[in-house]
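Here's the letter readout for the chains.
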Amino acid sequence: MTWSPQPPTVTAPPSAGAGRSRVPAVIAAALFVPALVAAKILVLMTEKGGRCLMYGGCAPFPGAVFLVLCGAAALAMLLALAAPARLRGPALAAQLVLEPSAVALVLAFP
């Protein structure tokens with residue numbers, strides 16, 4: 001038996017919830033663009049949307065607000081993937097609020 005001056009080190013096992021917010025964040029990001037396309041198709045299928053497409057004269061789309069929402073959703077997704085474990089849950093929640101908000105904005109303006 002050999003003597004060691006260092007006490008044995010015990011490492012904590014990885015927590016079971018460490019990757020719990022990563023998969024939903026990726027799934028939500030993957031479904032974001034198809035949701036935007038589907039929302040725009042639904043808007044163009046309405047009478048007002050078709051009229052705006054053919055004749056114009058509708059309220060302009062708030063592109064700056066849309067880009068801010070999309071950028072914030074992308075940042076929230078990155079935080080949900082790479083942030084420390086205590087920030088992943090709130091980042092996922094922010095992503096799941098920002099993405100539907102952007103889709104709702106597309107639905108609101110033909």
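Note that the coordinates shown come from a computational prediction; the quantities given were computed from them, not determined experimentally. (Residues numbered from 1 in each chain as written. Predicted model: local features only at pLDDT ≥ 70, side-chain atom pairs only at ≥ 80, totals over all residues. Heavy atoms only, no water.)

**A look at the confidence of the model for the protein**
For the protein, mean pLDDT is 88; residues scoring 70 or higher make up 85% of the total. By mean pLDDT, helix H2 (residues 47-55) is the weakest element of the protein at 92, and helix H3 (residues 63-82) is the strongest at 96. (pLDDT = per-residue confidence, 0-100. Helix = DSSP H or I, 4+ residues; strand = E, 2+ residues; numbered from the N terminus.)

**Some thoughts on the environment of Leu87**
By the secondary structure assignment, Leu87 is in helix H4 (residues 85-108). Under the relative-accessibility criterion, Leu87 is labelled partly exposed at 37%. Separated by 11 residues in sequence, Leu87 and Ala76 have C-alpha atoms that sit 10.0 Å apart. (Buried < 20%, exposed > 50% of the residue type's maximum accessible area, 1.4 Å probe, protein only.)

**So, the nonpolar core**
Grouped together as the largest cluster of nonpolar side chains are 12 residues: Phe32, Leu36, Ala39, Phe66, Leu69, Cys70, Ala73, Leu98, Ala102, Val103, Leu105 and Val106. Those elements that provide at least two residues to this core are helix H1 (22-44), H3 and H4. With five residues, the top contributor of residues to this core is H4. Not counting residues within four places of it along the chain, the set of residues in contact with Phe66 comprises Leu36, Phe61, Ala102, Leu105 and Val106. Within the second largest apolar cluster, five residues are counted, among which are Ala25, Ala80, Ala91 and Leu92. (Core = buried A, V, L, I, M, F, W, Y, C linked by side-chain atoms within 4.5 Å. Contact = heavy atoms within 4.5 Å.)

**What to know about the packing of H1 against H4**
Taken N-terminus to C-terminus, the directions of H1 and H4 make an angle of 5 degrees; their axes are 9 Å apart at the nearest point. As the angle between them shows, H1 and H4 are arranged roughly parallel. Only Arg88, Leu92, Gln95, Leu96, Glu99, Ala102, Val103, Val106 and Leu107 of H4 make contact with H1, whose side of the interface consists of Arg22, Pro24, Ala25, Ala28, Ala29, Phe32, Ala35, Leu36, Ala39, Lys40, Leu42 and Val43. Classifying every residue of the contact of H1 with H4 gives 16 nonpolar, one polar and four charged. (Axes fitted to C-alpha atoms, helices over the stretch in contact; angles between N-to-C directions. Parallel < 35°, antiparallel > 145°, perpendicular 65-115°, else oblique. Nonpolar A, V, L, I, M, F, W, Y, C, P; charged D, E, K, R; others polar.)

**Here's the deal with the side chain of Gln95**
Structurally, the position occupied by Gln95 is in helix H4. Here Glu99 takes part through its side chain, which lies 3.1 Å from a polar atom of the side chain of Gln95. When near neighbours in sequence (up to four residues on either side) are disregarded, Gln95 contacts Ala25, Ala28, Ala29, Ala73, Ala76, Met77, Ala80 and Pro100. (Polar contact = N/O pair within 3.5 Å; in protein donor to acceptor, adjacent residues only side chain to side chain.)

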